[in-house]
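What follows is each chain in one-letter form.
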Amino acid sequence: MTPLDKPTAGGTGAQTGTDPETGNARQADGAAAPREVTEAALFEAFGGLRGLVETTLPGLVFISWYTFNKDIHAAALTALGISAVLGVARLVLRDTVKHAFSGVFGVAFGVLFAMMTGNAKDFYLPGMFYTLGLAVAYLVTAAAGVPLLGLVLGPVFKENLSWRKRNPGRKKAYTKASYAWGLILLGKSAVLFPLYLWGDTTRFGWVTVALKIPPFLLAVYLTWIFLAKAPAPINVIAEMEAEERAEEERGKRAEADEAQRKTLDGIGDRLADDAARELAAEPERLDGEQGAKGTGGRHRR
């Protein structure tokens, strides 16, 4: 049995069974997943407000600089510098490293493409391909029954992959949310790629920046709606900790039982030795008694 499929032992989000009508796992108190937990998990997974700024600001700086002076190299390097400053700020504040480096690398690829081709549109091309690939991944994994959003958010909710077999209601929510993300990102790609091919560079850049935040917020909002109505996550981390504690308790009980057994065995051995010595001494005692009786008889005669 793996840690992902262990029986529920309690803890936050622990389940006590399955709803016979819906097939959804139930929480001990019958409540659905707390919305506060869902909000906090989404905030952590997607970087929060700072993540939005880090995603939008470099592109905004690039297109603003390019709009005013048409210097692609200066615009690209300025955007990269802004991204690097934001990444260093995350490291200084000891924030999540993945958000710090993902933003810098994404902008660096855009800068490399734009400076190699001399086409300002290519600054956004890596991000466009990433968005399209992500859209396809969301849709394909949702259709395959292993929604990508569940793989991403499962560890954040401390449920890992328990939702796949033990929490069908939650799997359904992850599937719906993955379809929502896939369709939203696919729609965004459907707007940007024609503009990349046939649109004006400046207009294309501003549209790309404008489409950074709204689709993202819509997808996060729909995800929050689906998960807030879903059954509570099964906290497999708490289950593993509870099983470890139970295993320690079993070990302590086994040690105590073994010590008690040894004590009883020692007492039994001592009693057996005493009984054996008494039995060994019994013939001598009987001989002594018989000898004493014989001597007494002779004296009487």
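These numbers were taken from a predicted model, which means no experiment stands behind them.

1. Here we look at a nonpolar patch on the surface
Okay, so step 1: A contiguous nonpolar surface patch, about 540 Å² in accessible area, is contributed by Phe105, Phe109, Leu112, Phe113 and Met116.
Okay, so step 2: On the secondary structure map, Leu112 appears in helix α4 (residues 97–117).

2. Considerations on the side chain of Lys121
Okay, so step 1: Looking at the secondary structure, you find Lys121 in the loop between α4 and α5 (125–143).
Okay, so step 2: At 7.3 Å, Asp200 is the nearest oppositely charged side chain to Lys121, a buried residue that forms no salt bridge.
Okay, so step 3: For Lys121, the side chain forms a polar contact with the main-chain oxygen of Gly199, separated by 2.5 Å.
Okay, so step 4: When residues no more than four places from it in sequence are discounted, the contact partners of Lys121 are Leu195, Tyr196, Leu197, Gly199, Asp200, Thr201 and Phe204.

3. A word on the pattern of salt bridges
Okay, so step 1: Applying the stated criterion to the full structure yields one salt bridge.
Okay, so step 2: A salt bridge links Arg170 to Glu159; the nearest nitrogen and oxygen atoms lie 2.9 Å apart. Separated by eleven residues along the polypeptide, Arg170 in helix α7 (residues 168–198) and Glu159 in the loop between α6 (148–153) and α7 bring together distant segments of the chain.
Okay, so step 3: Classification of Glu159 as buried rests on a relative accessible area of 0%.

4. Here we look at the nonpolar core
Okay, so step 1: Counting residues in each nonpolar core, the largest one holds 22 residues, and the members touching the most others are Leu149, Leu153, Tyr174 and Trp181.
Okay, so step 2: Breaking this core down by element, the ones donating at least two residues are α1 (35–46), α5, α6, α7 and α9 (213–228).
Okay, so step 3: Sort the elements by how many residues they give to this core and α7 lands first, with six residues.
Okay, so step 4: What Leu149 contacts, discounting residues up to four positions off in sequence, is Phe46, Tyr138, Gly154, Tyr174, Ala177, Ser178, Trp181 and Thr223.

5. Here we look at the confidence of the model for the protein chain
Okay, so step 1: Across the protein chain, the average pLDDT comes to 78, with 76% of residues at or above 70.
Okay, so step 2: With pLDDT under 50 throughout, residues 1–33 is counted as low confidence; its partners more than four residues away or in other chains account for 77 contacts.

6. Quick word on the packing of α7 against helix α8 (residues 201–210)
Okay, so step 1: Relative to each other, α7 and α8 sit at 165 degrees, their axes nearing to 9 Å. Here α8 runs roughly antiparallel to α7, going by the angle between their axes. Here α7 runs over α8; the crossing is left-handed. Here α7 contributes Val191, Leu192, Leu195 and Tyr196 to the contact with α8, which in turn contributes Phe204, Val207 and Thr208.

7. With respect to the packing of α7 against α9
Okay, so step 1: Contact geometry for α7 and α9: axes closest at 9 Å, N-to-C directions at 165 degrees. What the angle tells us is that α7 and α9 run roughly antiparallel. In this structure, the crossing between α7 and α9 has a hand that is right-handed. Residue-level inspection shows Arg170, Ala173, Tyr174, Lys176, Ala177, Ala180, Trp181, Ile184 and Lys188 of α7 in contact with α9, the latter providing Pro215, Phe216, Leu218, Ala219, Val220, Leu222, Thr223, Phe226 and Leu227.
Okay, so step 2: Taken together, the residues that form the contact of α7 with α9 break down as 14 nonpolar, one polar and three charged.

8. Thoughts on a negative patch on the surface
Okay, so step 1: Residues Glu241, Glu243, Glu244, Glu248 and Glu249 make up a contiguous surface patch of negative charge.
Okay, so step 2: Looking at the secondary structure, you find Glu248 in helix α10 (residues 236–300).

So, how was this worked out
- Residues numbered from 1 in each chain as written.
- Predicted model: local features only at pLDDT ≥ 70, side-chain atom pairs only at ≥ 80, totals over all residues.
- Heavy atoms only, no water.
- Patch = residues over 30% accessible without salt bridge, like charges linked within 9 Å, V, L, I, M, F, W, Y side chains within 5 Å.
- Areas by Shrake-Rupley, 256 points an atom, 1.4 Å probe, with all protein chains shown as cover.
- Salt bridge = Lys/Arg side-chain N within 4 Å of Asp/Glu carboxyl O.
- Helix = DSSP H or I, 4+ residues; strand = E, 2+ residues; numbered from the N terminus.
- Buried < 20%, exposed > 50% of the residue type's maximum accessible area, 1.4 Å probe, protein only.
- Lys, Arg positive; Asp, Glu negative; His and termini not counted.
- Polar contact = N/O pair within 3.5 Å; in protein donor to acceptor, adjacent residues only side chain to side chain.
- Contact = heavy atoms within 4.5 Å.
- Core = buried A, V, L, I, M, F, W, Y, C linked by side-chain atoms within 4.5 Å.
- pLDDT = per-residue confidence, 0-100.
- Axes fitted to C-alpha atoms, helices over the stretch in contact; angles between N-to-C directions.
- Parallel < 35°, antiparallel > 145°, perpendicular 65-115°, else oblique.
- Left-handed = near helix turned anticlockwise from the far one by under 90°.
- Nonpolar A, V, L, I, M, F, W, Y, C, P; charged D, E, K, R; others polar.
- Charge placed at Lys NZ, Arg CZ, Asp CG, Glu CD.

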